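Residue-level structure breakdown
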Amino acid sequence: MKSQNRILLFVSALSALTLSAEAAVINILNMAPDSTTVSGFTVSGGALVGSTRTFTLTQTADLDGGLGGDDTLSFDLIYEAYTGSTFDGTDVTLGATQITPNTNNINWHSNTFDGGSTLYLKVANISYTSSDSTVAFNGFTGIRPANYAGTGAGDFDYYIGLLGATTITGDPTFNASLTSNGTNPELYFTSAGTQDPVRLRDVDFQFETSAIPEPTTPAMILGGLGMLALIRRRQS
């Protein structure tokens, strides 16, 4: 029994070591359409192609928390806008008409971004170079603030997402946490207001790295499990 307990402790410790392999969160904070650098990333592109703008963000640095040398992460942030969106409770149906998304000054918006208009941001084409870790998109985490150029206040509703959208009512200036969206690489921001233009100031999102387990660690765990199985057979 003591030998079995020692093996169990040994295997548990190795499993915990593997499961808790070092991870690092890469935060991109206050991304605005006129950004040339943000959170250590170089921002390029943004030219209008059809009705789409694509920004490419690239950084080479120690991104995985010191597991090895420098790593390189590159990805696209795709920006579009639509009009004609409709609402049913907390569900939004995206409008079929694509409109030109503007990038003047520091706002994500379009000149016709009033009730039924939707801003769309998507992270795509992720490229990551590292010998020590992998990376995954970890979701949009915040937007701030929405402002307006009309008169009056308190008559805006905002929908974040499509099905089961997060609804913000009343105040046209807010800081919204988007952690409930999980790892969804797409952000939909829809206005139900009657005044325009409504504008989204900037967005936050993040990636997370995970260490690549050393080849010997899984082998040690499997060996420990094999020893445990052998002990159990002998005791039966």
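Report follows, based on the coordinates. Source: prediction; values computed, not measured. Note on numbering: residues in each chain are counted from 1, in written sequence order. With the structure being a predicted model, the display of local features is reserved for residues of pLDDT at least 70 and the display and counting of side-chain atom pairs for 80 or more, all residues being used for whole-chain, interface and lining totals. Hydrogens and water molecules were not included; the side-chain quantities draw on all heavy atoms of the structure.

With respect to the overall build of the chain
Threshold: Helix and strand labels come from DSSP, where a helix needs a run of H or I of at least four residues and a strand needs a run of E of at least two; each type is numbered from the N terminus. Throughout this description, buried means an accessible area under 20% of the type-specific maximum (1.4 Å probe, protein chains only), exposed means over 50%, and partly exposed covers the range between. We call two residues in contact when some of their heavy atoms are within 4.5 Å. Per-residue and other accessible areas were derived by the Shrake-Rupley procedure at a 1.4 Å probe size, with only the shown protein chains allowed to occlude residues.
A count of helical and extended segments in the chain gives two helices and 15 strands. The 236 residues of the chain split such that 41% are buried. Summarising the internal contacts of the chain: among those between residues at least 6 apart in sequence, 70% fall at separations of at least 24. Here the chain displays about 11,500 Å² of accessible surface, and carbon together with sulfur accounts for 53% of that area.

Points about the pairing of strand 3 (residues 41–49)
As a reminder of what qualifies: Any two strands with at least two DSSP bridges between them are considered paired.
As paired strands, strand 2 (residues 37–38) and strand 3 are joined by two bridges and run antiparallel to one another. In the strand pairing of strand 3, Thr37 is matched with Thr42. Hairpin connection, strand 2 to strand 3: the antiparallel pair is bridged by two residues, and Ser39 has positive phi, about 50 degrees. The pairing of strand 3 with strand 4 (residues 52–61) spans six bridges and is antiparallel. Note that in strand 4 the partner of Ser44 across the bridge is Thr56.

Considerations on unusual backbone geometry
For Ser39, which is not glycine, the phi torsion reads 50 degrees and is therefore positive. Considering the arrangement of structural elements, one finds Ser39 in the loop between strand 2 and strand 3. The phi dihedral of Asn125 is positive, around 55 degrees, even though this residue is not glycine. With respect to the element layout, Asn125 can be found in strand 9 (residues 117–129). Using a relative accessible area of 56% as the deciding quantity, one classes Asn125 as exposed.

Thoughts on the pairing of strand 9
Where strand 5 (residues 71–83) meets strand 9, ten bridges bridge the pair, whose relative direction is antiparallel. Along strand 9, the bridge assignment pairs Glu80 with Tyr120. One ladder, built from six bridges, connects strand 9 with strand 14 (residues 186–191); its direction is antiparallel. Across the sheet, the residue bridging to Thr118 is Thr190, located in strand 14.

Here's the deal with the packing of aromatic side chains
Stated precisely, the cut-off is as follows: Only Phe, Tyr and Trp rings take part, Trp by its six-membered ring, and two of them pair if their centres are within 6.5 Å. Stacked means planes under 30 degrees apart, edge-to-face means over 60, and tilted covers everything else.
One pass over the full model with this rule turns up twelve aromatic pairs. Pairing Tyr79 with Trp108 gives two aromatic rings, centres 4.7 Å apart and planes at 90 degrees, and the pair type is edge-to-face. With Tyr79 in strand 5 and Trp108 in the loop between strand 8 (97–99) and strand 9, this residue pair connects regions lying 29 residues apart in the sequence. One exposure class covers both Tyr79 and Trp108, and it is buried. On the numbers, 6.3 Å between centres and 45 degrees between planes, the contact of Phe137 with Phe205 is tilted. In this pair, Phe137 sits in strand 10 (residues 133–148) while Phe205 sits in strand 15 (residues 198–211), placing the two residues 68 residues apart along the sequence. Neither Phe137 nor Phe205 differs from the other in exposure class; each is buried. In textbook terms, an aromatic cluster arises when at least three aromatic residues are bridged by ring pairs, as seen for Phe41, Phe75, Phe137, Phe140, Phe205 and Phe207.

Regarding the side chain of Ser35
Note the cut-off: Polar contacts, as counted here, are pairs of nitrogen or oxygen atoms within 3.5 Å of one another; within protein the pair requires one atom able to donate a hydrogen and one able to accept it, and residues that are adjacent in sequence qualify only if both atoms are side-chain atoms.
Turning to its location among the elements, Ser35 is positioned in the loop between strand 1 (23–31) and strand 2. At 2.9 Å, the side chain of Ser35 forms a polar contact with the backbone oxygen of Ala32. Apart from the residues within four sequence positions on either side, Ser35 is in contact with Asn30 and Val43.

Let's talk about the environment of Thr209
Inspection of the secondary structure assignment puts Thr209 in strand 15. Put simply, Thr209 and Gly65 are 144 residues apart on the chain and 8.5 Å apart in space, counted from C-alpha to C-alpha.

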